[in-house]
Structures are given as structure tokens and as C-alpha cells.
Amino acid sequence: SSLLDSDLSVSIREDAVVYVDDVLRQLKEREIDLVANRSMFMGGGSILFKPLIEKSKLVSDPLFELSPNANAKGCKGLAEAQYMRTARNGVAGGEV
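Definitions and cut-offs
- Residues numbered from 1 in each chain as written.
- Predicted model: local features only at pLDDT ≥ 70, side-chain atom pairs only at ≥ 80, totals over all residues.
- Heavy atoms only, no water.
- Core = buried A, V, L, I, M, F, W, Y, C linked by side-chain atoms within 4.5 Å.
- Buried < 20%, exposed > 50% of the residue type's maximum accessible area, 1.4 Å probe, protein only.
- Helix = DSSP H or I, 4+ residues; strand = E, 2+ residues; numbered from the N terminus.
- Contact = heavy atoms within 4.5 Å.
- Phe/Tyr/Trp six-rings, centres within 6.5 Å; stacked < 30°, edge-to-face > 60°.
- Lys NZ or Arg CZ within 6 Å of the ring centre and 35° of its normal.
- 1 Å grid on protein atoms, 1.4 Å probe; cavity = no way out; pocket = protein on both sides within 12 Å on 5 of 7 lines; lining within 4 Å.
- Points joined across faces, edges and corners; volume = space filled by probe spheres on them.
- Nonpolar A, V, L, I, M, F, W, Y, C, P; charged D, E, K, R; others polar.
- Arc of directions from axis to C-beta.
- Salt bridge = Lys/Arg side-chain N within 4 Å of Asp/Glu carboxyl O.

Trainee: Please explain the nonpolar core as it appears in this structure.
Mentor: In globular proteins that are soluble, nonpolar side chains generally tend to be buried together. Residues Ala16, Val20, Leu24, Leu34, Phe41, Leu52, Ile53, Leu58, Val59 and Phe64 constitute the largest nonpolar core, which totals 10 residues. Contributions of two or more residues to this core are made by α1 (2–29) and α2 (44–55). Sorting elements by how many residues they give to this core places α1 first, with three residues. When residues no more than four places from it in sequence are discounted, the contact partners of leucine 34 are Leu24, Leu27, Ser39, Phe41, Leu58, Val59 and Ser60.

As C-alpha cells, then:
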């Protein structure tokens with residue numbers, strides 16, 4: 001059983017390395033340069049992938065917000081800002 005667990009652990013780690021590399025390469029292909037521009041990673045995924053992101057040559061000096069609900073807090077803030085902006089503009093029901 002422990003041999004199977006060990007093999008599974010190795011497989012998961014290898015898949016995680018490939019996944020992180022793929023995501024970072026896609027950002028680079030979209031001309032988002034994470035070496036020239038400091039980047040912030042947040043939420044649950046950043047907690048899981050932090051060691052892999054930090055080791056990547058595609059990212060320089062990353063910042064991490066390690067709260068597992070950071071994305072939800074950010075979305076709430078964006079929604080509140082959008083609501084306030086539409087309310088100031090007199091858009092009924094907050095519609096854009």
C-alpha cells in the first residue's frame with residue numbers, strides 16, 4: 001500500500017509541475033511577462049502551487065496572498081465597486 005501511495009504521490013507531483021509550467025507558458029504566450037513584471041498569486045491554488053511557482057524560471061519574485069478565500073474577497077470588492085459605479089450613473093437595477 002505504501003508503494004502505491006508513493007507512486008501516486010510522485011505522479012501527482014509530476015502532473016502539478018506540468019500544469020503550472022503550462023499555465024505560466026500560456027501567460028507568456030499572451031505577452032504577460034511575469035519576469036519583467038512582478039506578479040501576485042492568490043487563493044487556494046496559489047497555496048498548493050507556491051513551491052512550483054517560486055521555482056519556475058518564468059516568474060520573477062512573485063507575491064502570494066495565501067488566504068484560501070482571497071479570490072472570493074476580491075470578487076466581492078469588484079462587485080461592490082461595479083454596483084457603486086452603476087448606482088452613481090443612475091443605471092436602474094445596477095445593469096451595465
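Picking up where we left off.
Trainee: Where do I start with the packing of aromatic side chains in this structure?
Mentor: The geometry of two aromatic rings is summed up by the distance between their centres and the angle between their planes. The final tally for this structure, using the stated rule, is two aromatic pairs. A ring pair is formed by tyrosine 19 and phenylalanine 49, whose centres lie 5.5 Å apart and whose planes are at 35 degrees; its orientation type is tilted. Placement of the pair is tyrosine 19 in helix α1 and phenylalanine 49 in helix α2, with a sequence separation of 30 residues. Overall, tyrosine 19 belongs to the partly exposed group, its relative accessible area being 47%. In this structure, lysine 50 is placed above the aromatic ring of phenylalanine 64, and the distance from its NZ or CZ to the ring centre is 5.4 Å.

Trainee: Is there a simple way to explain the layout of surface pockets in this structure?
Mentor: Any empty space left between the atoms is revealed when a probe the size of a water molecule rolls over them. When its volume is computed, the largest pocket comes out at roughly 190 Å³. Residue lining of the largest pocket: Tyr19, Val20, Val23, Leu24, Leu27, Phe41, Met42, Gly45, Ser46, Phe49 and Ile53, and that is the complete set. Elements represented by at least two residues in the lining of the largest pocket include exactly α1, β1 (40–42) and α2. Per element, the largest residue contribution to the lining of the largest pocket is five residues, and it comes from α1. Among the residues making up the lining of the largest pocket, the classes are represented as nine nonpolar, two polar and no charged.

Trainee: Quick question: what am I supposed to make of α2 here?
Mentor: Since the α-helix packs 3.6 residues into each turn, any two residues three or four apart lie on the same face. Taken as a whole, α2 has its buried residues at Ser46, Leu52 and Ile53. Viewed along the axis of α2, the buried residues span an arc of 130 degrees, placing them on a single side of the element. For α2, the exposed residues set more than 90 degrees away from the buried face come down to Leu48 and Lys55.

Trainee: How should the pattern of salt bridges be read in this particular structure?
Mentor: Side chains that differ in charge, positive against negative, can pair when their charged atoms come close. Summed over all chains, the structure comprises four salt bridges. The salt bridge involving aspartate 61 is made with arginine 38; its shortest N-O contact spans 3.2 Å. Linking aspartate 61 in the loop between α2 and β2 (63–65) with arginine 38 in the loop between α1 and β1, this pair joins segments that are 23 residues apart in sequence. The class for arginine 38 is exposed, based on a relative accessible area of 52%. With its nearest N and O atoms 3.5 Å apart, the salt bridge here joins lysine 76 to glutamate 80. Residue lysine 76 and its partner glutamate 80 are located together in helix α3 (residues 70–88), separated by four residues, close to a single helical turn. Residue lysine 76 is classed as exposed on the basis of its relative accessible area of 53%. By relative accessible area, glutamate 80 is classed as partly exposed at 42%.

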